[in-house]
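The lines below spell out each chain.
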Amino acid sequence: MERPVVVGVDGPGDSLHALDWAAEEARLRGLPLRMVYASLWERYGEGAAEEGEAQERVLSDSVERAARWMTRSQVTARRWRRSPLWRSSRSPEPPCC
């Protein structure tokens with residue numbers, strides 16, 4: 001199984017530079033790209049739905065941006081509600097997106 005290039009995204013700014021770099025690296029190496037939006041804190045109550053929608057929008061916009069570098073079939077995106085470092089430190093490999 002090929003290990004993907006993994007990049008964290010959280011909206012504009014440095015995140016977009018990281019996404020562009022990761023997408024180009026994945027394309028050059030012929031590897032899939034996995035984008036992750038991670039949040040340690042899950043919001044409940046007022047504003048939770050809007051925050052979730054905003055996170056999903058960041059991911060869908062990131063997939064569109066990565067599609068400029070590579071085919072969509074090579075790109076996956078996932079929203080984690082816990083730190084990916086926490087999760088990966090307790091399992092040999094994070095779950096597939």
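Residues numbered from 1 in each chain as written. Predicted model: local features only at pLDDT ≥ 70, side-chain atom pairs only at ≥ 80, totals over all residues. Heavy atoms only, no water.

Novice: Looking at this structure, how should I read the overall build of the protein chain?
Specialist: A tally of helices and strands in the protein chain yields three helices and three strands. Scanning the protein chain from its N terminus toward the C terminus, one meets helices and strands in the order β-α-β-α-β-α. Residue burial in the protein chain is summarised as follows: out of 97 residues, 30% are buried. Counting contacts in the protein chain only where the partners sit at least 6 residues apart, residues at least 24 apart contribute 68% of the total. Looking at the protein chain as shown, the accessible area adds up to about 6500 Å², and 52% of this sits on carbon and sulfur atoms. (Helix = DSSP H or I, 4+ residues; strand = E, 2+ residues; numbered from the N terminus. Buried < 20%, exposed > 50% of the residue type's maximum accessible area, 1.4 Å probe, protein only. Contact = heavy atoms within 4.5 Å. Areas by Shrake-Rupley, 256 points an atom, 1.4 Å probe, with all protein chains shown as cover.)

Novice: What is the right way to look at the pairing of strand β2 (residues 33-38) in this model?
Specialist: A regular strand places its side chains so that they alternate between the two faces of the sheet. Buried residues dominate β2, accounting for five of its six residues. Taken together, the four bridges between strand β1 (residues 5-8) and β2 define a ladder with parallel strand orientation. If you follow V6 over to β2, its bridge partner there is R34. You can see the chain leave β1, run along helix α1 (residues 14-29) and come back into β2, and the turn it takes is right-handed. By the bridge criterion, six bridges tie β2 to strand β3 (residues 75-80) in an arrangement that is parallel. If you follow L33 over to β3, its bridge partner there is V75. (Pairing = 2+ DSSP bridges. Right-handed = clockwise from strand over helix to strand, strands pointing away.)

Novice: I'm lost on the pattern of salt bridges in this one. Help?
Specialist: Pairing between side chains of opposite charge can happen when the charged atoms of each approach one another. All chains considered together, the criterion is met by four salt bridges. The salt bridge involving E25 is made with R29; its shortest N-O contact spans 2.8 Å. Here E25 and its partner R29 are both found in helix α1, four residues apart, which amounts to about one turn of the helix. Across the pair E64 and R72 runs a salt bridge whose closest N-O atoms are separated by 2.6 Å. (Salt bridge = Lys/Arg side-chain N within 4 Å of Asp/Glu carboxyl O.)

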